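# Residue-level structural notes
Given next are the chains, with one letter for each unit.
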Amino acid sequence: MSSDPTSVSEFLPWYSSVHRGAGYKSRVATDAYEAAREAALAFGGRTGRDDVAIICRNTTEAINHLAYRLRLERDAVVVTTVVEHHANLLPWGRVARRRYVDCEPDGTFDVTAVREALDVAPRPQLLTVTGASNVTGWLPPVDEIVGVAHERGVPILLDAAQLAPHRSLPAEADYLAWSGHKMYAPFGAGILLGPATTFADGDPFLAGGGAVDLVDLDEVVWTDPPEREEAGSPNVLGAVALHAAMSELSAIGWPAIAAHESDLAVRLRRGLAGIAGVRLLGPGLEVPTLAVASFVVEGVPHALVAARLSAEYGIGVRHGCFCAHPYLLRLLRLSPGEVARYRDAVLHGDRRWMPGAVRASACLATTAEDVDALLAALAIIAGGEPAPVEYVQDPHTGDYRPADDLAGWGDHQRRLGASCARG
C-alpha cells in the first residue's frame, strides 16, 4: 500500500497500532501516520525547517497544548483580539494575562491597532490571532501582522482553523494550528506546528505511553518531539483522513479554490444585503471575505430562522454565537444592560432569548444555485410569510422545532447538550 493513501477506505484493511509493533500491518500504519505528519509540515510551508507537526484532536487541543508548553509566567502578557474563537481566548486566560486588540463596529481591526497593543508595556510574550473569522469570514492582514510582531521580537500563533481549507497558510507564523474537520476530513484530527525547540525540554502536555524513553517509579526520561507530545494510542484514521484532505486541496490548487469561493462570497453577501429585513454582520461589501456570512432577520429569532431553513427548505445553517461571544456581542451592538439581562436568564437555565445570529457557510461543493436557494428562502421568511407548521421552543436549549412529530425533530430524538446555540 502507498504511504499516501487516496482514501480512508484504502487504509482501513491495514489499520493497526503505530510505533508499537514489528508486524507488517503495524509498519504500514506507522508509515501512513508519519506520512501524514510530513504532509502537514509541507501544507504549513515548513519543509526543510527544524519544525515539528504534533497531531492532536483539533485546533482547540492544539492551542491548549501550546499554552501549556510555552511555560509562561502567570503575569506574562499574551496579546490576542476580540475577533477570536473561544479556542484562542480561553486557554490563554488560564496561563497568562490577556491584552486585547478591539475591533471596529464592522468587526475588523487594522495593523496599527495590533502594533499599538504590542507596544504597550510590559512586552508581550506572544501574539495570537485568527487567520480568518469563523463568524464573518473576514481575513485579517496576516502577513503584515506577522511582520509587526517579528519586528518587536514577539512570536505569533495563527489559529488557522477557518483559513486552512480556503487559503494557503503563512509559513512565517511561528506556530500554526488547524483542524481536519474544517477541511472535510472525518475522525477528528488537528495539527500544531512549531519549532522543535519549543517542545525539546520539559514535560509534555499529556503524560503516558509512547512519550517516554525510560520510566522508573520515581523517574521518567521523555523521548524526543514530536513523539514526546503524543502520549497514548494516536488517532491513525484521523491522521490518514487529514492527509487525504490536504493532498486533495493542494491538488486542486489555491488559485482555483479562492476564485470559486470568492465568487460565492460576493453572491452570498450581496444577496443577503439586498433582502429587506436582513442585516448582514461584519465588514462592508467592498471588503473581500471567505464565503461565510452571518446575519440576523428583523423580528425573527435566530434559532427560528435556522429551524425554518432546515425543516421547510432543507438548508443547514449554524445559529447562535459561534463560539465567539465577545465578537458577536460587538457585531450585534448590544448594550451592557441587554447583555446583563441575557446573562441572568442563562444563569437561571433559560436560553430562549440568547442573542445570536445565523451563519451560512459555502465551500468547494457549494454552487451558485445553492446560494440562490438560500436567498430565496430567506426572502420568504424575512417577508413575513407564515410558516406552514407551528414551531415550539425549548427553553433549556433555546432551539425551535416543528410542533409535528416529524422524523428527526421529536422530543424523544433530542439529546441533552444538543443545542445549536451553545458554545
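Residues numbered from 1 in each chain as written. Predicted model: local features only at pLDDT ≥ 70, side-chain atom pairs only at ≥ 80, totals over all residues. Heavy atoms only, no water.

Our next topic: the side chain of Arg37. Note that Arg37 resides in helix α2 (residues 24–43). A distance of 2.7 Å separates a polar atom in the side chain of Arg37 from the backbone oxygen of Ala53. If near-sequence neighbours (up to four positions away) are discounted, Arg37 is found in contact with His19, Ala53, Ile54, Ile55, Pro226 and Glu230. (Helix = DSSP H or I, 4+ residues; strand = E, 2+ residues; numbered from the N terminus. Polar contact = N/O pair within 3.5 Å; in protein donor to acceptor, adjacent residues only side chain to side chain. Contact = heavy atoms within 4.5 Å.)

For helix α7 (residues 236–252), built from 17 residues, the straight-helix expectation of 24 Å at 1.5 Å per residue is met to within 8% by its first-to-last C-alpha distance of 25 Å. In terms of burial, α7 is largely enclosed, as twelve of its 17 residues are buried. Looking only at α7, the buried set comprises Val236, Leu237, Gly238, Ala239, Val240, Ala241, Leu242, His243, Ala244, Ala245, Met246 and Leu249. Residues of α7 that are buried make contact with α1 (8–11), α2, β1 (51–56), β6 (175–179), β7 (190–195) and α8 (254–273). (Expected span 1.5 Å × (residues − 1). Buried < 20%, exposed > 50% of the residue type's maximum accessible area, 1.4 Å probe, protein only.)

Moving on: unusual backbone geometry. In this structure, Pro122 follows Ala121 across a cis peptide bond, with omega equal to 0°. Residue Pro226 follows Pro225 across a cis peptide bond; omega there is 5°. With respect to the helices and strands, Pro226 occurs in the loop between β9 (219–222) and α7. For Phe187, which is not glycine, the phi dihedral falls at a positive 80°. Residue classification places Phe187 among the partly exposed positions, given a relative accessible area of 45%. Phi is positive for Cys323, which is not a glycine, with a value near 55°. Relative to the helices and strands, Cys323 resides in the loop between β12 (318–320) and α10 (325–332).

Relative to each other, α8 and helix α12 (residues 368–382) sit at 10°, their axes nearing to 10 Å. For the element pair α8 / α12, the angle class is roughly parallel. Touching Leu264, Arg267, Leu268, Gly271 and Leu272 of α8 are Ala368, Val371, Asp372, Leu374, Leu375 and Leu378, all from α12. Among the residues making up the contact of α8 with α12, the classes are represented as eight nonpolar, one polar and two charged. (Axes fitted to C-alpha atoms, helices over the stretch in contact; angles between N-to-C directions. Parallel < 35°, antiparallel > 145°, perpendicular 65-115°, else oblique. Nonpolar A, V, L, I, M, F, W, Y, C, P; charged D, E, K, R; others polar.)

Just distances and angles here, no functional claims.
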